[in-house]
Amino acid sequence: MQSIRIKQVDEVKISRYILKYTFEDWYSLVDSDVVVVGAGPSGLATAYFTAKAGLKTVVFERRLSFGGGIGGGAMNFHKIVIESPADELLREWKVKLVEAEEGVFIVDAAEFMAKLGAAAIDAGAKVIHGINVDDVIFRDKPLRVAGVAVEWTSTQMSGLHVDPLFVSAKAVVDATGHDAEILSVASRKIPELGIVIPGEKSAYSEVAEELVVNNAGKVAEGLYTTGMAVCEVKSLPRMGPIFGAMVLSGKKVAEDIINDLRNS
Ligand code: 48H
Ligand code: FE2
């Protein structure tokens, strides 16, 4: 059997290549069109559509993996429920669907995560893991959210006092899930924005999905929300492990951003 020859590369080159190409990315993304906070289903769907429309889109995710709550499925079972018309999006991302009844589909959690993440990246979105967003940038006259403050998740976990870097964006999307972290910090630190966070309601699956999709969108100038964060800010019921509204609200918020940026 012939032995396999592998191209040799030394440690200095490895380090230099990684530093060079990482900093090239960061140099460009500090001035983005769209910053999505959270790489769960709603954030990745948002990024897929804004990137596909040609907007420079970056997704910051504090964990080292994407998918958010998809991976845990329902009580750690590996299946998730999707309702029409969200199946059209999953077909676009080539996720296999099993129809349990008309308009109700079952998907594998791992496949959904992987293919949605790949679709967002292939559409042109940059997904960066291990980054925690803990604040926003704002401007007055006119009052608006103008970007985010970022820090390594590992630095934040270590409790060290390290100041963040900033990333400017024409649209910041809170896709952080149940805690609506970006809306929370904006409501606390910039009361002039008038953001009130009453908190989500208990489960009422049949009505929750439409409510989330139809209430996703702009919360303040430059600040948008999608996914479970919508329940938190609009006091809407949760729905359990059904994900149609997560991806459809991502599409809805992306369409709003594309329209707003076109008209501005
Ligand atoms: C960087 C952050 C930060 C931060 C959080 O929780 P997610 O999956 O959120 P959604 O809204 O896309 O999907 C919600 C869905 O998973 C769910 O929980 C449902 C449908 N529940 C129904 C019910 O009844 O319970 O993803 C959010 C992502 C996660 O990966 C976080 O790690 C990340 O955002 N994140 N990343 N900076 N400040 N906060
Ligand atoms: Fe949840």
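Residues numbered from 1 in each chain as written. Chains lettered and ligands numbered in written order. Predicted model: local features only at pLDDT ≥ 70, side-chain atom pairs only at ≥ 80, totals over all residues. Heavy atoms only, no water.

An unreviewed UniProt entry annotates the chain as Thiamine thiazole synthase of Candidatus Aramenus sulfurataquae. Turning to the chain, the UniProt annotation filed under Subunit (unreviewed entry) states: "Homooctamer; tetramer of dimers." You can read under Sequence similarities (unreviewed entry) in the UniProt record for the chain the words "Belongs to the THI4 family." (UniProt positions renumbered as here; feature names shortened; annotations may be inferred.)

### Some remarks on the UniProt feature "binding site: NAD(+)" (unreviewed entry) in the chain
UniProt's entry tags Ser42, Glu61, Arg62, Gly69, Val133, His161, Val162, Asp163 and Met228 with the feature "binding site: NAD(+)" (unreviewed entry), counted in the numbering of this structure. Spanning 187 residues, the named residues do not form one spatial group; their C-alpha atoms are separated by as much as 31.2 Å. Position of Val162 among the secondary structure elements: in the loop between helix 5 (153-158) and strand 9 (165-174). Judged by relative accessible area, which is 43%, Val162 ranks as partly exposed. Discounting chain neighbours no more than four positions away, the residues touching Val162 are Glu151 and Thr155. Relative to the elements of secondary structure, Met228 occurs in helix 8 (residues 228-234). (Helix = DSSP H or I, 4+ residues; strand = E, 2+ residues; numbered from the N terminus. Buried < 20%, exposed > 50% of the residue type's maximum accessible area, 1.4 Å probe, protein only. Contact = heavy atoms within 4.5 Å.)

### Comments concerning unusual backbone geometry
Omega for the bond connecting Ser84 with Pro85 falls within 30 degrees of zero, at 5°, which places this linkage in the cis form. Structurally, the position occupied by Pro85 is in the loop between strand 3 (79-83) and helix 3 (86-92). Note that the residue after Lys141, namely Pro142, is joined by a cis bond; omega there is -5°. Mapped onto the elements of the fold, Pro142 is located in the loop between strand 7 (131-139) and strand 8 (144-152). For Met75, which is not glycine, the phi torsion reads 50° and is therefore positive. Within the element layout of this structure, Met75 appears in the loop between strand 2 (57-61) and strand 3. Judged by its relative accessible area of 72%, Met75 falls in the exposed class. One non-glycine residue, Ala180, lies in the positive phi region at around 40°.

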